[in-house]
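Structural features, examined
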Amino acid sequence: MSTNSKTTTSPKKILKSVFGYPEFRDKQEHIINATLEGKDSLVIMPTGGGKSLCYQIPALCTEGFTSVSYTHLRAHETSLH
């Protein structure tokens, strides 16, 4: 994910107001903050681990355009069999 705009809303506020969760899971907050700081991340989590919030929340926290590159490796693996 690359962001070229300033942060307008805190990730924690978006988590609660948009998604209804009071707290982040495991490393979600760390991943989100790294993204908002403009750092690249490779995030590997199990199904249901909360990956989508790691790119949705930074997009909602910033103004302007946000680009997300997402590869679902499992889909590629099963299509090869």
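Okay, so let's go over this structure. (Residues numbered from 1 in each chain as written. Predicted model: local features only at pLDDT ≥ 70, side-chain atom pairs only at ≥ 80, totals over all residues. Heavy atoms only, no water.)

What follows concerns the overall build of the protein. Counting secondary structure elements, the protein contains four helices and two strands. The helix and strand sequence of the protein, counted from the amino end, reads β-α-α-α-β-α. Of all 81 residues assigned to the protein, the portion counted as buried reaches 26%. Partitioning the intrachain contacts of the protein with sequence separation of at least 6 by distance along the chain shows that 61% fall at a separation of at least 24. If you sum the accessible surface of the protein, you get close to 5900 Å²; carbon and sulfur atoms cover 52% of it. (Helix = DSSP H or I, 4+ residues; strand = E, 2+ residues; numbered from the N terminus. Buried < 20%, exposed > 50% of the residue type's maximum accessible area, 1.4 Å probe, protein only. Contact = heavy atoms within 4.5 Å. Areas by Shrake-Rupley, 256 points an atom, 1.4 Å probe, with all protein chains shown as cover.)

Running from N to C, helix 1 (residues 11-19) and helix 3 (residues 51-61) point in directions that differ by 105°, and their axes come no closer than 10 Å. The angle between helix 1 and helix 3 places the two elements in the roughly perpendicular class. In this structure, helix 1 contributes Pro11, Ile14, Leu15, Val18 and Phe19 to the contact, and helix 3 contributes Leu53, Gln56, Ile57, Leu60 and Cys61. When the residues that make up the contact of helix 1 with helix 3 are grouped by side-chain class, the tally is nine nonpolar, one polar and no charged. (Axes fitted to C-alpha atoms, helices over the stretch in contact; angles between N-to-C directions. Parallel < 35°, antiparallel > 145°, perpendicular 65-115°, else oblique. Nonpolar A, V, L, I, M, F, W, Y, C, P; charged D, E, K, R; others polar.)

Right, let's get into the pattern of salt bridges. For the structure on display, the rule yields two salt bridges. A salt bridge links Lys12 to Glu23; the nearest nitrogen and oxygen atoms lie 2.9 Å apart. A residue pair is termed long-range when its members are at least 10 positions apart, and Lys12 in helix 1 and Glu23 in the loop between helix 1 and helix 2 (28-36) qualify at eleven residues. Relative accessible area serves as the criterion here: at 34%, Lys12 is assigned to the partly exposed category. When its relative accessible area of 52% is taken as the criterion, Glu23 is described as exposed. As a salt-bridge pair, Glu37 and Lys39 come within 3.1 Å of each other at their nearest N and O atoms. When its relative accessible area of 48% is taken as the criterion, Lys39 is described as partly exposed. (Salt bridge = Lys/Arg side-chain N within 4 Å of Asp/Glu carboxyl O.)

Two elements in contact, helix 2 and helix 3, have axes separated by 9 Å at closest approach and are oriented at 45°. Regarding the angle of helix 2 to helix 3, the classification is oblique. For the pair helix 2 and helix 3, the sense of crossing is right-handed. Two secondary-structure elements touch here, helix 2 through Gln28, Ile31, Ile32, Thr35 and Leu36 and helix 3 through Leu53, Cys54, Ile57, Pro58 and Cys61. (Left-handed = near helix turned anticlockwise from the far one by under 90°.)

Considering soluble globular proteins, one finds that nonpolar side chains tend to be buried as a cluster. Ranked by size, the top nonpolar core spans eight residues in total: Ile14, Leu15, Phe24, Ile32, Leu36, Leu53, Ile57 and Cys61. In terms of residue count, helix 3 provides more of this core than any other element does, three residues in total. Here Cys61 is in contact with Lys6, Thr7, Thr8, Thr9, Ser10, Pro11, Ile14 and Leu36, once residues within four sequence places are set aside. (Core = buried A, V, L, I, M, F, W, Y, C linked by side-chain atoms within 4.5 Å.)

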